[in-house]
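# Breakdown of the fold
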Amino acid sequence: MSTMLEGTLSKWTNVMKGWQYRFFVLDENAGLLSYYTSKEKMMKGVRRGCVRLKGAIVGIDDQDVNTFTITVDHKTFHFQARDADEREKWVSRLEDTILRHGNRSRGIWEPQSSFHGSTNSSMKQRPNYLQAFDRKVSEADAYLQLIIDQTASIEQRISNIEDGEERDKCKVVQEQANAMLDHIKHSIVLLQIAKNTAHPINGVYQGPTNKLETTIDVAATALNLLVPETSYSSSEGEEDFYDANEDILTCSQGNSPTYNTRSFSDSVDPEVAPNSRNVTDKDADNSTSTPSHERKRLGSRLPICTDGSLDYDALYEDESDDDISMESHGSVVTHLLSQVKIGMDLTKVVLPTFILERRSLLEMYADYFAHPDLFIKIADLKDPRDRIVQVVKWYLSAYHAGRKSSVAKKPYNPILGEVFQCHWNIAENNEQVDNEPVSDGPVPWCTKNQLTFVAEQVSHHPPISAFYAEHYAKKISFSAHVWTKSKFLGISIGVHNIGQGIVTLCDLNEEYIVTFPNGYGRSILTVPWIELGGTVTISCPRTGYHADVEFLTKPFYGGKKNRVTAEIFAPGEKKAFVSIAGEWSGAMEAKWNDGSRHKPEVFVDVNSIPIFHKNVRPIAEQDDNESRKVWKEVTAGLKLNDIDRATSAKCSVEQKQRDEAKERKEQGGEWENKYFKAVGENWIYSNPLSQRLYAQSKRDRR
């Protein structure tokens, strides 16, 4: 295959604030993506800029099929292809080139004399054993990618076997291959950590073995700050413009061209964020997993029971933001991401413990009812038009409470059969409280005036969660199932939420069917943050009212985060009677198009309405499969900043699940869910409020 790829792409430039056509040449041997203002300029050798691909990361946007990015040396370059096929061609070749150059042995240089000398002083290489170790880690990376491809091929071939009995036999091979692959991935991560310990590119260094190594590492680090092997990028027309023809190509004595290792460009990305930072003494002190001084610092704030034991319930209720530095673990994250390709399903990729949020995904779904008063108000409204508007208002207010940390983190993956239960107290003013328990409800110790919630992990492969909420007194319920499918996008992760939810008004026999937006984890190599994207529909088949909701992802060249728009339509109408726009994490404004209201008004401002606290029974009273009890030791480890403890506890939970699955298989048993049942492709609550009320009315008529 040719080692050169040429063609026209658009590149974002800051000077013109827009896309400019450039002629690109990808040299896979040199590991460079060069670009010119035209093909004629390329023929004359007048280069406009280039991007060094060693150590680069390619990213795509799931919402835009034409654009892609290259992030390297603390800079991000943005490109636009003509269509999805052309983008796929460039992204594929770029990824292959990056992988190829990433697996070459990298020379690590150190100053031969004191750092106080010139930056151009003679250099020498590290001892051979470190170079050999670095080379072996790179080789292991390459072999791992081959094993990943071969395992995927095995899975594909087994899935194509038509004979069911033969396919089941072959699945044993598939399971063994996946198990072996998991062990190899874990081993390589440990090798990568050991490599980073020897050469602390991210400041994670456990201490030198001797004084000489201390001197060498300090000098090398200081030298790298002055003469980094990094990208250089400047803006067209600015004073610091780097001449594209001045320094990029030089010739050795043998007249063969050698390339400057820096990237340079005619534009600076407006959204550039550094992938790493200079490490100070203070940073180094806080970079280890479980330093003793960190435990002492947390000790005064840790919740302790009267008997001196750790109060696990208080750990879950504590929403303080004790975030672990993501940058201090950068080498581990980078290594894990190097094992996956763009578009790959991340469902079976095991992510490191330190990026976990201190709660299960099942508990996170309860945040849909952070404003339960908005939800139950749907049942109070007499006009179907008012009811669809209230459904939209509740739905748009349901997402902002889900983020507990300033850094986007991933909740625990629920294990099969895991359950989470909670309730909200929302008795209205002057309302007579009915303390009669709803013994046949989802939370049998709760009363008719409380909103109750139960969630269950009904499937592990694929990962499907189902949840149900009801308010008995208002005769309203909500049932939903969500299948999450994660997709690698380079420097982002996309989570597609497949499924639907149904709001049921029992007295009116009305249902409102809603779908869910996709989630995106952005800037996963630096400070991750979450945004929502995609189109959501809300419809009532009985009345004909419906709404279209669009969650807008942030464009890289301006715009705000968390934007959302919505339009609500009357039956048979093509023009919306109300349009809504704003931020789902803040204020949203409604504009009425039917003349009923002349000025735009605040539709809902989530920052000005109270978040209702959910009530969860104490862990000591919970069953073994309830979320907080299942994950309590992982939560304690994360709160203590004891990653070893958290990781060990997480492995114990997962191993117990594997052992139980193996035992069921050997005994020929099948898993039975407790609260939900499958109906076609949907999962519904087994004993919903509407069904119980109907049965009660039949009994009353007898």
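An account of the accompanying structure is given in this report. Since we're looking at a predicted model, the values are computed, not measured. (Residues numbered from 1 in each chain as written. Predicted model: local features only at pLDDT ≥ 70, side-chain atom pairs only at ≥ 80, totals over all residues. Heavy atoms only, no water.)

On inspection of all chains with the given rule, the structure shows 17 salt bridges. Across the salt bridge formed by Asp367 and Arg359, the nearest N and O atoms sit 2.8 Å from each other. Relative accessible area serves as the criterion here: at 7%, Asp367 is assigned to the buried category. Within this structure, Glu363, Lys614 and Arg628 form a network of salt bridges that share partners. (Salt bridge = Lys/Arg side-chain N within 4 Å of Asp/Glu carboxyl O. Buried < 20%, exposed > 50% of the residue type's maximum accessible area, 1.4 Å probe, protein only.)

The step from His461 to Pro462 runs through a cis peptide bond, and the omega angle for that step is 0 degrees. Looking at the element boundaries, Pro462 is found in the loop between strand S15 (450–459) and strand S16 (464–471). In the Ramachandran plot, Lys475 falls in the positive-phi region, its phi being about 60 degrees despite a non-glycine side chain. For Lys475, the location among the structural elements is in the loop between S16 and strand S17 (476–488). Phi is positive for Asn509, close to 55 degrees, though the residue is something other than glycine. Examined against the element boundaries, Asn509 turns out to sit in the loop between strand S18 (493–505) and strand S19 (510–514). (Helix = DSSP H or I, 4+ residues; strand = E, 2+ residues; numbered from the N terminus.)

To continue, consider the packing of aromatic side chains. Across all of its chains, the model carries 28 aromatic pairs by this definition. The interplanar angle of 80 degrees and the centroid separation of 5.6 Å between the aromatic rings of Trp12 and Trp19 together place this pair among those described as edge-to-face. When the centroid spacing of 4.1 Å and the interplanar angle of 10 degrees are considered together, the rings of Tyr468 and Tyr685 count as stacked. Here the residue Tyr468 occupies a position in strand S16, and Tyr685 occupies one in strand S28 (residues 682–685), the gap between them amounting to 217 residues. (Phe/Tyr/Trp six-rings, centres within 6.5 Å; stacked < 30°, edge-to-face > 60°.)

Before going further, it helps to examine the side chain of His400. Tracing the backbone through its elements, the reader meets His400 in the loop between helix H12 (384–396) and strand S13 (410–412). We classify His400 as buried; its relative accessible area is 14%. Only 2.8 Å separates the side chain of His400 from the side chain of His371, close enough to count as a polar contact. With near-sequence residues (within four places) excluded, His400 lies in contact with His371, Trp584, Ser585, Val606 and Ile611. (Polar contact = N/O pair within 3.5 Å; in protein donor to acceptor, adjacent residues only side chain to side chain. Contact = heavy atoms within 4.5 Å.)

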